[in-house]
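Residue strings, one per chain:
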Amino acid sequence: MTDDELLLEMDYTGYAMSCRDPYLTDDADLVLCRRQSGHDDTHATRDGAEVLVWPADGII
């Protein structure tokens with residue numbers, strides 16, 4: 001998926017329906033996946049107007 005497609009998916013996915021798998025960034029920030037539950041590829045969340053993406057195994 002492109003960044004624009006991921007942003008759109010996250011915009012229309014409510015918190016209750018989002019994946020919420022945790023990830024610890026390089027800056028030691030804990031973020032949660034905001035993609036729709038049941039996705040089968042990379043996790044993603046918003047980082048301002050950008051997208052932070054990490055693999056399903058949680059390692060960048």
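Quick notes on the rules
Residues numbered from 1 in each chain as written. Predicted model: local features only at pLDDT ≥ 70, side-chain atom pairs only at ≥ 80, totals over all residues. Heavy atoms only, no water. pLDDT = per-residue confidence, 0-100. Helix = DSSP H or I, 4+ residues; strand = E, 2+ residues; numbered from the N terminus. Pairing = 2+ DSSP bridges. Salt bridge = Lys/Arg side-chain N within 4 Å of Asp/Glu carboxyl O. Buried < 20%, exposed > 50% of the residue type's maximum accessible area, 1.4 Å probe, protein only.

Per-residue confidence for the protein gives a mean pLDDT of 91, with 95% of residues at or over 70. Across the protein, element-level confidence peaks in strand β2 (residues 30-32) with a mean pLDDT of 95 and bottoms out in strand β3 (residues 43-47) with 93.

It is worth spelling out the pairing of strand β4 (residues 50-54) at this point. With 5 bridges connecting them, β3 and β4 associate as antiparallel partners. Bridge pairing in β4 places Ala 44 opposite Val 53. In this structure, the hairpin formed by β3 and β4 is closed by a connection of 2 residues, where Gly 48 is found at a positive phi of approximately 70°.

Within this structure, the stated rule accounts for 3 salt bridges. For the salt bridge of Glu 9 with Arg 35, the shortest nitrogen-to-oxygen distance reads 3.1 Å. Of this pair, Glu 9 sits in helix α1 (residues 3-11) while Arg 35 sits in the loop between β2 and β3, and the two are 26 residues apart along the sequence. An identical accessibility class is assigned to Glu 9 and Arg 35; each is buried.

What follows is about unusual backbone geometry. Unusually for a residue other than glycine, Arg 20 sits at a positive phi of about 65°. Within the chain, Ala 28 stands out as a residue other than glycine whose phi angle is a positive 65°. Structurally, Ala 28 can be placed in the loop between β1 (22-24) and β2.

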